[in-house]
Structure formats: structure tokens, C-alpha cells
Amino acid sequence: MADAQLNKEIVENRASARIEHASALQIKDVRSGNLHRAKMLNFSNEGLYFESDSLLNAGMRIYLGIKDSPYAAAPDVLEYRRGEIQWRRRLKDSFYQFGYGVKIRVGDPDRAKGRAAAKEPRQNP
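Note that this is a predicted model, so its numbers are computed, not measured.

**Focus: the confidence of the model for the protein**
Stage number 1. The predicted model of the protein has a mean per-residue pLDDT of 79, with 72% of residues at 70 or higher.
Stage number 2. The low-confidence segment residues 1-11 (pLDDT under 50) makes three contacts with residues lying over four places distant or belonging to another chain.
Stage number 3. Predicted confidence is poor over residues 109-120, with pLDDT under 50, and the contacts of this stretch with residues over four places away or in other chains come to two contacts.

Shown next as C-alpha cells:
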């Protein structure tokens, strides 16, 4: 079974292996502030997969509230991450209508660009 799991990871061609872990997920659209309920089924440091009845678009930036994450500092604590939806698929054999792939965002490159472009207000920093 370990060989089958290893082969699956290689076939998926991911930089880091996904860990199967089901937990409740809260999704917040960064732009509108709308909240959505979902169920996460697997994740890694770089991304995750979730299913939901909400219609979300690729490229949408989101905040993720992960309940019962194995990476959380303590039990019953929501772990928060920022992400961007990479793709959406309609599901046929699931309780939910849509499946989503999310890339976890580390830092905020748009915000960093804005700070770098802003002129230093002091003459002598």
C-alpha cells in the first residue's frame, strides 16, 4: 500500500505530498467578504482541495478557516490561511456540487509591491 501511495504522489506531480484529512472549512471571499461553508479533503503546505455548494471562481483570493487542522497549535482552534482558487470542477458523485483546488499564499505580493513603490516620506530614512 505504501508503494501505491508513493506512485500516486509521483503521478500527481506535486512539489509536496498531499495529506488526506477531512475537516470543516470556512471560506471568506477577500473582495466581497462573503462567507461560504465547505469541506476540506486533503492539503499540503502549498495547497488544498475542498468541496462546496458555493460557486467560486478561479483566481479568487480567499481566507480559509480550517477546523481541526493537524497543524493547529491546539485542538478546537481554527487555523487561518490565505489562498487563491486555482480551478473548479463540477462534481457528479459527491454530496457537494463543486470541487476546488487552492494554492496557499505565503505573504501578500501585491501589498509588498505597493510598499516598495511608495516613496519614502522622509528625506533621510
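**Focus: the nonpolar core**
Stage number 1. Leu-25, Ile-27, Leu-48, Phe-50, Ile-62 and Leu-64 are the most contacted members of the largest nonpolar core, which totals 17 residues.
Stage number 2. Of all the elements in the fold, those that place two or more residues in this core are strand 1 (19-29), strand 2 (35-43), strand 3 (47-52), strand 4 (61-66) and strand 6 (98-105).
Stage number 3. In terms of residue count, the dominant contributor to this core is strand 6 (four residues).
Stage number 4. Setting aside residues no more than four positions away along its own chain, Leu-48 makes contact with Arg-18, Leu-25, Met-40, Asn-42, Phe-43, Leu-64, Ile-66, Tyr-100, Gly-101, Val-102 and Ile-104.

**Quick notes on the pattern of salt bridges**
It is possible for side chains of opposite charge to pair when their charged atoms get near one another.
Stage number 1. Applying the stated criterion to the full structure yields two salt bridges.
Stage number 2. The salt bridge involving Arg-81 is made with Glu-79; its shortest N-O contact spans 2.9 Å.
Stage number 3. Linking Arg-105 and Glu-84 is a salt bridge whose minimum nitrogen-to-oxygen distance equals 3.2 Å. Of this pair, Arg-105 sits in strand 6 while Glu-84 sits in strand 5 (residues 79-90), and the two are 21 residues apart along the sequence.
Stage number 4. Residue classification places Glu-84 among the partly exposed positions, given a relative accessible area of 23%.

**Focus on the side chain of Glu-79**
Stage number 1. When you line up the elements, Glu-79 lands in strand 5.
Stage number 2. In this structure the side chain of Glu-79 is engaged in a polar contact, spanning 2.9 Å, whose partner is the side chain of Arg-81.
Stage number 3. The residues touching Glu-79, leaving out its near neighbours within four places in the chain, are Leu-64, Gly-65, Ile-66, Ser-69, Tyr-71 and Ala-72.

So, how was this worked out
- Each residue is numbered by its place in its chain's sequence as written, counting from 1.
- The predicted nature of this model means local features are confined to residues of pLDDT at least 70 and side-chain atom pairs, given and counted, to a pLDDT of 80 or more, with totals for whole chains, interfaces and linings taken over all residues.
- Where side-chain values are given, they derive from all heavy atoms of the structure, hydrogens and water being excluded.
- Think of pLDDT as the predictor's per-residue confidence, scored from 0 to 100.
- We call two residues contacting when some pair of their heavy atoms lies within 4.5 Å.
- Among buried residues, those of type Ala, Val, Leu, Ile, Met, Phe, Trp, Tyr and Cys that are joined through side-chain atoms within 4.5 Å constitute a nonpolar core.
- Type-normalised accessible area, obtained with a 1.4 Å probe on protein chains alone, sets the label of each residue: buried when under 20%, exposed when over 50%, and partly exposed for intermediate values.
- Per the convention used, a helix needs a DSSP run of H or I reaching at least four residues, while a strand needs a run of E reaching at least two, with both numbered from the N terminus.
- Salt-bridge detection follows one rule: a side-chain nitrogen of Lys or Arg within 4 Å of a carboxyl oxygen of Asp or Glu.
- Polar contacts, as used here, are pairs of N or O atoms within 3.5 Å; protein pairs need one atom able to donate a hydrogen and one able to accept it. Residues neighboring in sequence count only if both atoms are side-chain atoms.

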